[in-house]
Amino acid sequence: MRTTTAWRSTGDGSVTLERVTIERRDLRDHDIALRVDYCGVCHSDLHRVKGMLKEGAIVPGHEFTGTVTAVGPAVTRFAPGDRVAVGTIVDSCGKCAMCEIGQENYCLEGPTSTYGAKDRVDGTKNQGGYSREFVVTERFAYHLPDGLDPAGAAPLLCAGITTWEPLRAAGVGKGTKVAVAGLGGLGHLGVKLAVALGAEVTVLSRTPDKAGDARALGACDLLVTTDEAQVAAARYRFDVILDTVPIEHDLTPYISMVALDGTLSILGYPLPDHGCDHGADARPQEAHRVRHRRHPADRRAAGVRRPAPGHRRHRGAAVQPRRGGAPPPGQQRRPLPLRPRPVRPRPARRLTTAVARTAWCAA
Ligand SMILES: [Zn+2]
Ligand SMILES: [Zn+2]
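No experiment lies behind these values; they were computed from the predicted model shown. Throughout this description, residue numbers start from 1 for each chain and increase along the sequence as written. Each chain gets a letter, beginning with A, and each ligand a number, beginning with 1, in the order they are written. With pLDDT at 70 or above as the cut-off, local features in this predicted model cover only qualifying residues; side-chain atom pairs require 80 or more to be listed or tallied, and sums for whole chains, interfaces and linings still use all residues. In computing side-chain values, all of the structure's heavy atoms are included and hydrogens and water are not.

## Some details on the coordination of the zinc ion (ligand 2)
What counts is decided by this rule: Coordinating donors are taken to be N, O and S atoms lying within 2.8 Å of the metal, or within 3.2 Å when the metal is Na, K or Ca; because water is excluded from the atom set, some sites may appear incomplete. Note on geometry labels: four donors, all angles 85 to 135 degrees, give tetrahedral; four donors become square planar and six octahedral when opposite donors are over 155 degrees apart and every other angle is between 65 and 115; remaining cases are irregular. Burial here depends on accessible area, computed with a 1.4 Å probe over protein chains only, as a share of the maximum for the residue type. Under 20% is buried, over 50% is exposed, and the range in between is partly exposed.
Here the zinc ion (ligand 2) is held by the protein donor atoms Cys 93 (SG), Cys 96 (SG), Cys 99 (SG) and Cys 107 (SG), which lie 2.3 to 2.4 Å from it. Viewed at the metal, the 4 donor atoms of the zinc ion (ligand 2) are separated by angles of 105 to 119°, and the geometry they form is tetrahedral. All donors to the zinc ion (ligand 2) come from one chain, and their sequence spacing reads C-x2-C-x2-C-x7-C. Each member of the pair, Cys 96 together with Cys 99, is buried.

So, in structure tokens, the structure goes:
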């Protein structure tokens, strides 16, 4: 076994981290060892440290960059000295239909999270990137491109991919009208990435206070969602809305602003009974409600068409049941609150909700 320094939670619900010595496994054939140089602090780290999953003491950290220090005998993609990045998943079954098409995050056996999960080989509990050294199979390590600041790049491995995926899935490019609700850890990256893709970006916020920050990040406008006149004037305006607000909130203003064939992508909505500081009662009822509008009967009633063959829609993950094993306590799947609803005529428009990985995606 190798040993390294790490920062571990105390497991008593406080946010205190203790400096400890932990063990890392000896390198397997396809493993690399890396020196962790930078690790982002993810919102999910805080939830987990505070005991969201009641898992006791953990070493958090699932968005980090570093330098390869050693490689196993069968490693082909890395050599000592390479700049490297690791994200929220460190293993998967590698043979199911999802793994075979490169969607390991949907692995039918359940992907292995970077911390707090059971190692697939020896069953030990994974310990994350708040540590000096990390060992990972090369399949889940990524080359850090030259010229990319390793400190700034670390959060791209979680918050970055969370906002990048829905932008790419929705085909955002030059001239796409994108709105980003919330300008925090996810939101500011959503703005920067959408601007870099050539989109015309508007920040949605409850107050005008962040207008300066929004423009500094490249947004062309800030729309105040508590101003009914502004919301009404923006009806059907946005091709894509990224909703990064991490507390229970009313989706109605966002829905009204989604264009025909547009996408409302809900990234931060709290999950049921997750016990974090958003409130134990927080439930994604609104998200369910929007998802219902994708039901074929709904679509037929609204006179909307199916996506063209081959059109890739972003598929939800956050409110889907976990695959591979029982859900953690408090997250047992419950039936959606479906009720028969009268079919009312409404404009022929399609509301597509894309629920991407939330910040605690790897939980
Ligand atoms: Zn994260
Ligand atoms: Zn798999």
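Still more ground to cover, so stick around.
## Quick word on the confidence of the model for the chain
For the record, the criterion: A residue's pLDDT is simply how confident the predictor is in it, with values from 0 to 100. Contact criterion: two residues are considered in contact whenever any of their non-hydrogen atoms come within 4.5 Å of each other.
Looking at the chain as a whole, the pLDDT averages 81, with 75% of positions reaching at least 70. Below pLDDT 50 for its whole length, residues 275-328 participates in 118 contacts with residues either more than four positions away or in separate chains.

## So, the pattern of salt bridges
Under the convention used in this document: Each reported salt bridge corresponds to a side-chain nitrogen of Lys or Arg within 4 Å of a carboxyl oxygen of Asp or Glu. Runs of E in the DSSP output that reach at least two residues are strands. Runs of H or I that reach at least four are helices, and both are numbered from the N terminus.
Within the structure shown, the criterion is met by 12 salt bridges. Arg 139 is the partner of Asp 91 in a salt bridge, and the nearest nitrogen-oxygen pair spans 3.4 Å. Of the two residues, Asp 91 sits in strand β6 (residues 89-91) while Arg 139 sits in the loop between β8 (133-137) and β9 (142-143), which places them 48 residues apart along the sequence. Connected through salt bridges with shared partners, the residues Arg 25, Arg 28, Asp 31, Asp 119 and Asp 122 form a single ionic network.

## A few points about the sheet that holds strand β4 (residues 64-71)
The condition is simple: A strand pair is defined by DSSP finding two or more bridges across the two strands.
Here we have 5 strands laid out as an open sheet, ordered β8-β3-β4-β5-β9, and antiparallel in their pairing. At either end of the open sheet lies a strand with only one pairing partner, and these are β8 and β9. By the bridge criterion, 5 bridges tie strand β3 (residues 31-39) to β8 in an arrangement that is antiparallel. Bridge pairing in β8 places Arg 35 opposite Glu 133.

## Notes on helix α5 (residues 185-196)
What counts is decided by this rule: In this analysis, the expected span of each helix is defined as 1.5 Å times one less than the number of residues it contains.
For α5, spanning 12 residues, the distance from its first C-alpha to its last is 17 Å, which sits close to the expected 16 Å at 1.5 Å a residue. Restricting attention to buried positions, one finds in α5 the residues Leu 186, Gly 187, Leu 189, Gly 190, Val 191, Leu 193 and Ala 194. Buried residues along α5 sit in contact with α4 (159-169), β10 (177-181), β11 (200-205) and β13 (238-243). At the C-terminal side of α5, Gly 198 shows a positive phi close to 100°.

## Here's the deal with a nonpolar patch on the surface
We apply this condition: To count toward a patch, a residue needs a relative accessible area above 30% and no salt bridge. Like charges then connect within 9 Å, nonpolar side chains (Val, Leu, Ile, Met, Phe, Trp, Tyr) within 5 Å. Where accessible areas are quoted, they stem from the Shrake-Rupley method and a 1.4 Å probe; at the residue level, only the protein chains shown are allowed to cover.
Taken together, the side chains of Val 15, Val 41 and Leu 46 define a hydrophobic patch exposed on the protein surface, amounting to about 280 Å² of accessible area. Mapping Val 15 onto the fold places it in the loop between β1 (2-9) and β2 (17-24).

## Comments concerning the packing of aromatic side chains
What counts here: Planes of paired rings set the category: under 30 degrees apart is stacked, over 60 is edge-to-face and the rest tilted, where pairs are Phe, Tyr or Trp rings (Trp by its six-membered ring) whose centres lie within 6.5 Å.
Inspection of the entire model under this criterion finds 1 aromatic pair. Residues Phe 64 and Phe 134 carry aromatic rings whose centres are separated by 4.8 Å and whose planes lie at 65° to one another, so their mutual orientation is edge-to-face. Placement of Phe 64 in strand β4 and of Phe 134 in strand β8 is noted, with a sequence separation of 70 residues between them. The same class applies to Phe 64 as to Phe 134, namely buried.

## Observations regarding the side chain of His 62
Quick reminder of the rule: Here a polar contact is recorded for every N or O atom pair within 3.5 Å, except that within protein the pair must consist of a potential hydrogen donor and a potential acceptor, and residues adjacent in sequence are included only if both atoms are side-chain atoms.
Take His 62: it is sitting in the loop between α1 (43-49) and β4. Polar side-chain contacts of His 62 include one of 3.4 Å to the side chain of Ser 44.

## Some thoughts on the environment of Ala 194
Mapped onto the secondary structure, Ala 194 falls in helix α5. Under the relative-accessibility criterion, Ala 194 is labelled buried at 0%. Aside from chain neighbours lying at most four places away, what touches Ala 194 is Leu 167, Val 178, Ala 199 and Val 201.

## Comments concerning the nonpolar core
So the rule is basically this: Buried Ala, Val, Leu, Ile, Met, Phe, Trp, Tyr and Cys residues that are joined via side-chain atoms within 4.5 Å together make up what is termed a nonpolar core.
Residues Leu 167, Val 172, Val 178, Val 191, Val 201 and Val 203 are the most contacted members of the largest nonpolar core, which totals 23 residues. Secondary structure elements with two or more residues in this core: α4, β10, α5, β11, α6 (211-216), β12 (221-224) and β13. A per-element tally of this core places α5 first, with 5 residues. In contact with Val 172, other than residues within four places in its own chain, are Leu 167, Val 178, Leu 197, Ala 199 and Val 240. With 17 residues, the next largest nonpolar core counts Ala 181, Phe 238, Val 245 and Leu 264 among its residues.

## Considering the pairing of β10
Going by this rule: By definition, the crossover connecting two strands over a helix is right-handed if that path, from the first strand to the second, turns clockwise as seen with the strands pointing away from the viewer.
Buried residues dominate β10, accounting for 4 of its 5 residues. Of the pairings in the sheet, the one linking β10 to β11 comprises 5 bridges and is parallel in character. Each residue of the ladder has a partner; that of Ala 181, found in β11, is Leu 204. In this fold, β10 hands off to α5, which returns the chain to β11; that crossover is right-handed. Sheet analysis places β10 next to β13, joined by 4 bridges and oriented parallel. Within the sheet, the bridge partner assigned to Ala 181 lies in β13 and is Asp 243.

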